[in-house]
Number of protein chains: 2
Amino acid sequence: MIYSSELIKGTLKTIILKLLRDQGRMYGYEITQKVKDLTAGKIQLTEGALYPSLHALEAEGILTTETEYIGKRMRKYYSLSKAGSTLSQEKVSEFADFIQTMKFLLDIKTDLA
Amino acid sequence: MIYSSELIKGTLKTIILKLLRDQGRMYGYEITQKVKDLTAGKIQLTEGALYPSLHALEAEGILTTETEYIGKRMRKYYSLSKAGSTLSQEKVSEFADFIQTMKFLLDIKTDLA
DNA sequence: AAATATACATCGGTTTCTTATGTATTGATC
DNA sequence: GATCAATACATAAGAAACCGATGTATATTT
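Overview of the structure. (Residues numbered from 1 in each chain as written. Chains lettered and ligands numbered in written order. Predicted model: local features only at pLDDT ≥ 70, side-chain atom pairs only at ≥ 80, totals over all residues. Heavy atoms only, no water.)

**Thoughts on the overall build of chain A**
Looking only at helices and strands, one finds five helices and three strands in chain A. Scanning chain A from its N terminus toward the C terminus, one meets helices and strands in the order α-α-β-α-α-β-β-α. Burial status across chain A gives 42% buried among its 113 residues. Partitioning the intrachain contacts of chain A with sequence separation of at least 6 by distance along the chain shows that 50% fall at a separation of at least 24. Accessible surface computed for chain A: about 5900 Å², of which carbon and sulfur atoms make up 52%. The distance from the centre of the 16 positive side-chain charges to the centre of the 14 negative ones in chain A is 6 Å. (Helix = DSSP H or I, 4+ residues; strand = E, 2+ residues; numbered from the N terminus. Buried < 20%, exposed > 50% of the residue type's maximum accessible area, 1.4 Å probe, protein only. Contact = heavy atoms within 4.5 Å. Areas by Shrake-Rupley, 256 points an atom, 1.4 Å probe, with all protein chains shown as cover. Lys, Arg positive; Asp, Glu negative; His and termini not counted. Charge placed at Lys NZ, Arg CZ, Asp CG, Glu CD.)

**Here's the deal with the interface of chain B and chain A**
Taken together, the contacts link 39 residues of chain B with 39 residues of chain A. Both sides of the chain B and chain A interface together cover about 3900 Å² of buried area, and 66% of this is carbon and sulfur. For the chain B face of the interface with chain A, the top three residues by lost area are Leu-7, Phe-98 and Leu-106 of chain B, together amounting to 17%. If you look at where chain B meets chain A, you find four salt bridges. Linking Lys-91 of chain B and Glu-6 of chain A is a salt bridge whose minimum nitrogen-to-oxygen distance equals 2.7 Å. Across the contact surface, chain B and chain A share twelve residue pairs in polar contact (both at pLDDT 80 or more). Among the elements of the structure, helix 1 (5-8), helix 2 (12-23), helix 3 (28-38) and helix 5 (82-107) of chain B are those that each provide at least two residues to the side of chain B that touches chain A. In terms of residue class, the side of chain B that touches chain A is made up of 19 nonpolar, seven polar and 13 charged. (Buried area = accessible area lost by both parts, 1.4 Å probe. Salt bridge = Lys/Arg side-chain N within 4 Å of Asp/Glu carboxyl O. Polar contact = N/O pair within 3.5 Å; in protein donor to acceptor, adjacent residues only side chain to side chain. Nonpolar A, V, L, I, M, F, W, Y, C, P; charged D, E, K, R; others polar.)

**Some thoughts on the packing of aromatic side chains**
Taken as a whole, this structure holds six aromatic pairs over all chains when the rule is applied. Both rings, one in Phe-98 of chain A and one in Tyr-3 of chain B, keep their centres 5.2 Å apart while their planes meet at 80 degrees; by these two values the pair is edge-to-face. Of this pair, Phe-98 of chain A sits in helix 5 (residues 82-107) while Tyr-3 of chain B is found in the segment before helix 1, placing the two residues in two different chains. Residue Phe-98 of chain A shares its accessibility class with Tyr-3 of chain B, and that shared class is buried. Both rings, one in Tyr-27 of chain B and one in Tyr-77 of chain B, keep their centres 5.3 Å apart while their planes meet at 80 degrees; by these two values the pair is edge-to-face. In this pair, Tyr-27 of chain B is assigned in strand 1 (residues 25-27) and Tyr-77 of chain B in strand 3 (residues 73-80), connecting sequence segments 50 residues apart. Like Tyr-77 of chain B, Tyr-27 of chain B is buried. Among the aromatic side chains, those forming a connected cluster through ring pairs are Tyr-3 of chain A together with Phe-95 and Phe-98 of chain B. In this structure, Arg-25 of chain A is placed above the aromatic ring of Tyr-77 of chain A, and the distance from its NZ or CZ to the ring centre is 3.6 Å. (Phe/Tyr/Trp six-rings, centres within 6.5 Å; stacked < 30°, edge-to-face > 60°. Lys NZ or Arg CZ within 6 Å of the ring centre and 35° of its normal.)

**Some words on the sheet that holds strand 1 (residues 25-27) of chain A**
All names here are of chain A. One open sheet accounts for three strands, arranged 1-3-2; its pairing is antiparallel. Strand pairing shows two members of the sheet lacking a second neighbour, strand 1 and strand 2 (63-70), which therefore form its edges. Between one strand axis and the next, the sheet turns through 30 degrees on average, direction left out of account. Taken together, the eight bridges between strand 2 and strand 3 (residues 73-80) define a ladder with antiparallel strand orientation. Bridge pairing links Ile-70 to Arg-73 in strand 3. Across the sheet, helix 2 (residues 12-23) touches strand 1, strand 2 and strand 3, and the angle it forms with strand 1 is around 125 degrees. (Pairing = 2+ DSSP bridges. Axes fitted to C-alpha atoms, helices over the stretch in contact; angles between N-to-C directions.)

Shown next, in the form of structure tokens:
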């Protein structure tokens, strides 16, 4: 089962920032594969969503980049800046809180209000 | 703390469908208040998002409506159709699964791949 | 040699939400 | 009894974010 696309909306940045915090540095394609592996294929990031998002985060100073070549093929590695490291923690905390709230909201069986 | 807007994106339909399954029938304003109450103000649905979404769900045959008047003030009650009842369960299940996946994804401390 | 995988990038269109605006009634406060 | 807040609907322009397609090129597998 692959999640309906609207579900994943808004979580992309959080996923990127968390992976980079764990992995140190990653390149775009690697991120798509890592997410696919870790979620058993349930979340498949599209390049059309990922690359613009990475570019935006870089422009905001959240990510820094280093370009390397494996043979003739380019790899653009992304890492967290200091601001990115802070933001990564904030985003994950916020999402953890959000999960709790949604769990409660979606588990209600009786009228609690 | 109010969640950043992009976090909530894509969850509106699920929230509506779940609440209607629990409550039987609700009107728009009631939904905004109920969500606010149940989430301690952390999720505040805006009318500009809610009403178009309700209209769309009605047009798709997911929701049915009855209009009533309290004095001279209109209330438009929404209920789940049969298709809506099925969809409600599917959406909540999908979200529950999504939560599990995201929890795993955001909790990784070490390289598991 | 052909197909698949790796690796980047952009762009048009769609969906979804935000912010603002508009109308009107009802209840509370002063 | 006037004013403000709450209740209750609705729409509409613009922004944000993503999808799907397209494009380029190298490397690996079959």
